[in-house]
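Inside the fold
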Amino acid sequence: MAVAAGGAAAIAWPFIDQMNPSADTRALASIEFDVTKVPEGQQVVVKWRGKPLFVRNRTKAEIAKAVADDGASMKDPEKDSARVKPGKSQWLIVGGNCTHLGCVPTFGGGEYGGWFCPCHGSVYDTSGRIRKGPAPKNLVVPEYAFLSDTKVKIG
Amino acid sequence: MSGHSTYEPKTGFERWLDARLPIVRLGYDSFVDYPTPRNLNYWWTFGGILSLCLASQLITGIILVMHYTPSADHAFASVEHIMRDVNYGWLIRYMHANGASMFFIAVYIHMLRGLYYGSYKAPREVLWLLGCVIYLLMMATAFMGYVLPWGQMSFHGAVVITNLFGALPLVGESITTWLWGGFAVDNPTLNRFFSLHYLLPFMIAGVVILHIWALHVVGQNNPTGVEPKSKADTVPFTPYATVKDGFAMSVFLILFAWFVFFMPNALGHADNYIPANPLVTPSHIVPEWYFLPFYAILRAVPDKLMGVLAMFGAIACLFALPWLDTSKVRSMRYRPTAKIHFFIFVVACCILGVCGAKLPDDQVIPHLTTFQLMASDLNSFVWLSRVAALYYFAFFLVILPVLGLTEKTLPVPDSIASPALSHPAAAPAEATAAPEMKG
């Protein structure tokens, strides 16, 4: 009985696992990006692992607003300083998919000046934190590092 | 239905075949001599119409596959190739796309008929459950089919629906990655959806056979909800039901043809004629009309996981229906209070459909701002959908269970053939319902 169950599981697994990302998909290289391409107050959308990534050059006012709201009540509380690299708070790099159902939020929309998701009305602030609407989490900050003052490596 | 077969092979070949594979006998017993209640009205013709829809979708679908290329780079162009270059490709694709909508119109009428006349009650629970399985398979098939043209709505619809599974705790992310075959909706996703979109209709056909089998074991329900007791209560399937079904199919095909030839894109979205672009979401993303009520329920709940659970719960209610309705009386014709709730339920579903098509914060009454409640203005479609969704669930989980125990029902006729004679009190109600008896 146990042998039969083990055999069934052994033959079932390849048929299930074949649907997971294939080796060439998994091998997708990380990308490098020159942040000076982004003018102040704007964002550039980069495609990374098939999905959009927002690289935003925040103005001083936007940063101040995000920091001032650190204490506000939020669904997914996080300090602005924890979402940027030390000394690089002008550069906000976040995943460009709403954490609700994956739509691409529009830049500058919503009452917090961050992003507004057109699908179900989630509103993000200038730190990419969820402030209103059905999304449960802040926009995801990917793993990245500054290689130089102006060049980042994402992934 | 059970009972002995009256088929008599007439030719030598039929006798020879009947002793080896009694397939002609099966057909004769199922579709010629099969006794159907004599009082079936036109709401009972939608089973036949649905078979027609399934056949039409299978035939047009198999033809479309001959010209379609399942690849993220070529899918959109191959659909345009079908529309512009393939001989009559436009016709076959429009038949397939609008056929899906026709399929859902028919299935919703079929389901509401079952709901109104209590067709899910003992001994028809399995029949109803098989129907629910078909409906689930239909939704999966329709969703995956909509992804195949790889337009903007296709792509972002796929993103939204697959992300629903991401709401599940712990396993959510692994499941979405597994469904996508990558880190986002991409070529692997398109190919597996194509494979399953081809498979599922044949699974539907299989479950339809089980559905018809179960139907022929327990027999058809009828507008009175009273089981046929004698030969006087039934008529043979042919010619009575075949002719009536045939007429209803013809009328239905007129509606179908009207959409295909005069407004083939009325039920679609213009954005889907833009090739898929993962970096831009269309400003107003909505599913196809037949998913709108469930979409509205999803959005009515401010929490992601709870919203997803509410949406799936709305479908789960259908599966539980045979055990939620406690009333011994089948047909709502004799349940005056339940009848009112049924019609409110239909209206609630339509309201949910309208809400699903609007932006959540759009105002129901223009230029009127009331007050904020749960982060939305009270005069908004999100609040309207909350009210309607609440009724939807209350109908299944509170009204039907409680009403069955408390409602004072009207007298139920003794038999189909003589409802008015045995119960003079019920005669006036029956007289108004009489025209359909002639059918």
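Residues numbered from 1 in each chain as written. Chains lettered and ligands numbered in written order. Predicted model: local features only at pLDDT ≥ 70, side-chain atom pairs only at ≥ 80, totals over all residues. Heavy atoms only, no water.

1. Overview of the overall build of chain B
The following threshold applies: Put simply, DSSP H or I for four residues or longer makes a helix, DSSP E for two residues or longer makes a strand, and each gets a number counted from the N terminus. Whether a residue is buried, partly exposed or exposed follows from its accessible area with a 1.4 Å probe, protein chains only, as a fraction of its type maximum: under 20%, in between, or over 50%, in that order. Contacts: residue pairs with any heavy atoms within 4.5 Å of one another. In these tables, accessible area is a Shrake-Rupley quantity obtained with a 1.4 Å probe, and a residue counts as shielded only by the protein chains included in the view. Only four residue types enter the charge count: Lys and Arg as positive, Asp and Glu as negative, with His and the chain ends excluded. All charge positions are set by atom: Lys at NZ, Arg at CZ, Asp at CG, Glu at CD.
From N to C terminus, chain B includes 16 helices and four strands. Seen through its C-alpha atoms, chain B measures out along the principal axes to roughly 65 × 65 × 45 Å. A total of 439 residues make up chain B; the buried ones form 49% of that total. In chain B, the proportion of contacts linking residues at least 24 apart, taken out of those at least 6 apart, comes to 76%. If you sum the accessible surface of chain B, you get close to 20800 Å²; carbon and sulfur atoms cover 73% of it. Looking at charge distribution, chain B has the averaged site of its 25 positive side-chain charges lying 8 Å from that of its 25 negative ones.

2. Focus: the sheet that holds strand β7 (residues 123–125) of chain A
Residue and element names in this part refer to chain A. Which entries qualify depends on this criterion: Two strands pair if DSSP finds at least two bridges between them.
Spatially, the four strands line up as an open sheet ordered β5-β6-β7-β8, and their pairing is antiparallel. Of all the strands in the sheet, the pair left with one neighbour each is β5 (106–107) and β8 (130–132). Bridging between β7 and β8 involves two bridges; their strand directions are antiparallel. Residue pairing across strands places valine 123 opposite lysine 132, the latter belonging to β8.

3. Considerations on the interface of chain A and chain B
Worth spelling out the cut-off: Take the accessible area each of two parts loses on contact, using a 1.4 Å probe, and add the two losses: that sum is the buried area. Salt bridge criterion: a side-chain nitrogen from Lys or Arg within 4 Å of a carboxyl oxygen from Asp or Glu. The term polar contact refers here to a pair of N or O atoms within 3.5 Å; inside protein, the definition further demands a hydrogen-donor-capable atom paired with an acceptor-capable atom, and it admits residues adjacent in sequence only when both atoms are side-chain atoms.
Facing the 28 residues of chain A at the interface are 29 residues of chain B. Roughly 2400 Å² of surface becomes buried between chain A and chain B when both sides are summed, with 65% attributable to carbon and sulfur atoms. Together, Met19, Leu101 and His120 of chain A form the three largest contributors to the area buried by chain A at its contact with chain B, with a combined 27%. Taken together, chain A and chain B are joined by zero salt bridges. Between the two partners, chain A and chain B, sit seven residue pairs in polar contact (both at pLDDT 80 or more). Those elements that place two or more of their residues in the side of chain A that touches chain B are α2 (23–26), β2 (43–48) and β3 (51–57) of chain A.

4. Points about the environment of lysine 47 of chain A
If you trace the backbone, lysine 47 of chain A turns up in strand β2. Taking C-alpha positions, lysine 47 of chain A is 37 Å from alanine 10 of chain A, a pair spaced 37 residues apart along the chain. Each residue touching lysine 47 of chain A, except ones within four places of it in the same chain, is listed here: Ile31 of chain A together with Pro278 and Leu279 of chain B.

5. Overview of the state of the cysteines
Note the threshold: Only a pair of cysteine sulfur atoms within 2.5 Å qualifies as a disulfide here.
Applying the stated rule across the entire model yields one disulfide over all chains. The cysteine cysteine 117 of chain A is free of any disulfide, with cysteine 98 of chain A supplying the nearest cysteine sulfur at 3.8 Å. Given the relative accessible area of 2%, cysteine 117 of chain A is considered buried. Cysteine 317 of chain B provides the cysteine sulfur closest to cysteine 132 of chain B, a residue in no disulfide bond, and the two sulfurs are 11 Å apart.

6. Re a nonpolar patch on the surface
What counts, and what does not: Patches in this entry comprise residues that are over 30% relatively accessible and not in a salt bridge; like charges within 9 Å are linked, as are nonpolar side chains (Val, Leu, Ile, Met, Phe, Trp, Tyr) within 5 Å.
Together, Tyr88, Trp90, Trp258, Phe261 and Phe262 of chain B give the surface a local cluster of nonpolar side chains, amounting to about 650 Å² of exposed area. Considering the arrangement of structural elements, one finds phenylalanine 261 of chain B in helix α10 (residues 237–262).

7. Considerations on helix α5 (residues 89–116) of chain B
An α-helical turn contains 3.6 residues, so any two residues separated by three or four positions project in the same direction. Residues and elements named next belong to chain B. Applied cut-off: By this rule, a helix spans an expected 1.5 Å times one less than how many residues it contains. Here the bend at a residue is taken as the angle between two axes, fitted respectively to the seven residues that end there and the seven that start there.
Between its first and last C-alpha, α5 extends 40 Å over 28 residues, near the 40 Å set by a 1.5 Å rise per residue. Largest kink in α5: about 30 degrees, centred on glycine 99. Of all 28 residues making up α5, 21 are buried, and the element is well covered by its neighbours. Phi turns positive, to about 65 degrees, at glycine 118, one or two residues after α5.

8. A look at the nonpolar core
Stated formally: Residues enter a nonpolar core if they are buried and are Ala, Val, Leu, Ile, Met, Phe, Trp, Tyr or Cys, with the set joined through side-chain atoms within 4.5 Å.
If you look at the biggest cluster of nonpolar residues, it comprises 120 residues, and the most contacted ones within it are Tyr392 and Phe396 of chain B. Residue contacts for tyrosine 392 of chain B: discarding those within four places in its chain leaves Phe294, Ile297, Ala314, Leu318, Phe345, Cys349 and Leu352 of chain B. If you look at the next biggest cluster of nonpolar residues, it comprises 13 residues, including Val35, Trp48, Trp91 and Ile154 of chain A.

9. What to know about the pattern of salt bridges
Within the structure shown, the criterion is met by 16 salt bridges over all chains. Arginine 129 of chain A is paired through a salt bridge with aspartate 70 of chain A; the nearest N and O atoms lie 2.7 Å apart. Linking arginine 129 of chain A in the loop between β7 and β8 with aspartate 70 of chain A in the loop between α3 (60–68) and β4 (91–95), this pair joins segments that are 59 residues apart in sequence. Close ionic contact of arginine 25 of chain B with aspartate 18 of chain B constitutes a salt bridge, the shortest N to O distance being 2.7 Å. For arginine 25 of chain B, a relative accessible area of 22% translates into the label partly exposed. Among the residues examined, aspartate 18 of chain B registers a relative accessible area of 17% and is labelled buried.

10. Quick look at the packing of helix α12 (residues 304–324) of chain B against helix α14 (residues 381–406) of chain B
Residue and element names in this part refer to chain B. Defined as follows: With axes taken as lines fitted to C-alpha atoms, and helix axes fitted only over the stretch in contact, angles between N-to-C directions fall between 0 and 180 degrees. The cut-offs work like this: below 35 degrees is roughly parallel, past 145 is roughly antiparallel, 65 to 115 is roughly perpendicular, and the gaps in between are oblique. Two helices cross in a left-handed way if the nearer one is turned anticlockwise from the farther one by less than a right angle. They cross in a right-handed way if the turn is clockwise. Residues are grouped as follows: Ala, Val, Leu, Ile, Met, Phe, Trp, Tyr, Cys and Pro are nonpolar; Asp, Glu, Lys and Arg are charged; every other residue, Gly included, is polar.
Where α12 meets α14, the closest approach of the two axes is 9 Å, and the angle between their N-to-C directions is 20 degrees. Accordingly, the angle class assigned to the pair α12 and α14 is roughly parallel. Considering the relative orientation of α12 and α14, their crossing is left-handed. On the side of α12, the interface is formed by Ala310, Gly313, Ala314, Cys317, Leu318, Leu321 and Leu324, while α14 contributes Tyr392, Phe393, Phe396, Leu397, Leu400 and Pro401. Split by residue class, the contact of α12 with α14 holds 12 nonpolar, one polar and no charged.

11. Observations concerning the packing of helix α13 (residues 336–357) of chain B against α14 of chain B
Residues and elements named next belong to chain B. The contact between α13 and α14 brings their axes to 9 Å, and the two run at 150 degrees. Here α14 runs roughly antiparallel to α13, going by the angle between their axes. For α13 against α14, the interelement crossing comes out left-handed. Facing α13, whose interface residues are Thr337, Ala338, His341, Phe342, Ile344, Phe345, Ala348, Cys349, Ile351, Leu352, Val354 and Cys355, α14 presents Phe381, Leu384, Ser385, Ala388, Ala389, Tyr391, Tyr392, Phe395, Phe396, Ile399 and Leu403. Of the residues contributing to the contact of α13 with α14, the split by class is 20 nonpolar, three polar and no charged.

12. Points about the pairing of β4 of chain A
The buried count for β4 of chain A comes to five of five residues, which makes it a mostly enclosed element. What you see with β4 of chain A is no split at all: Trp91, Ile93 and Gly95 of chain A on one side and Leu92 and Val94 of chain A on the other are buried throughout.

Interpretation in functional terms is not warranted from these geometric data alone.
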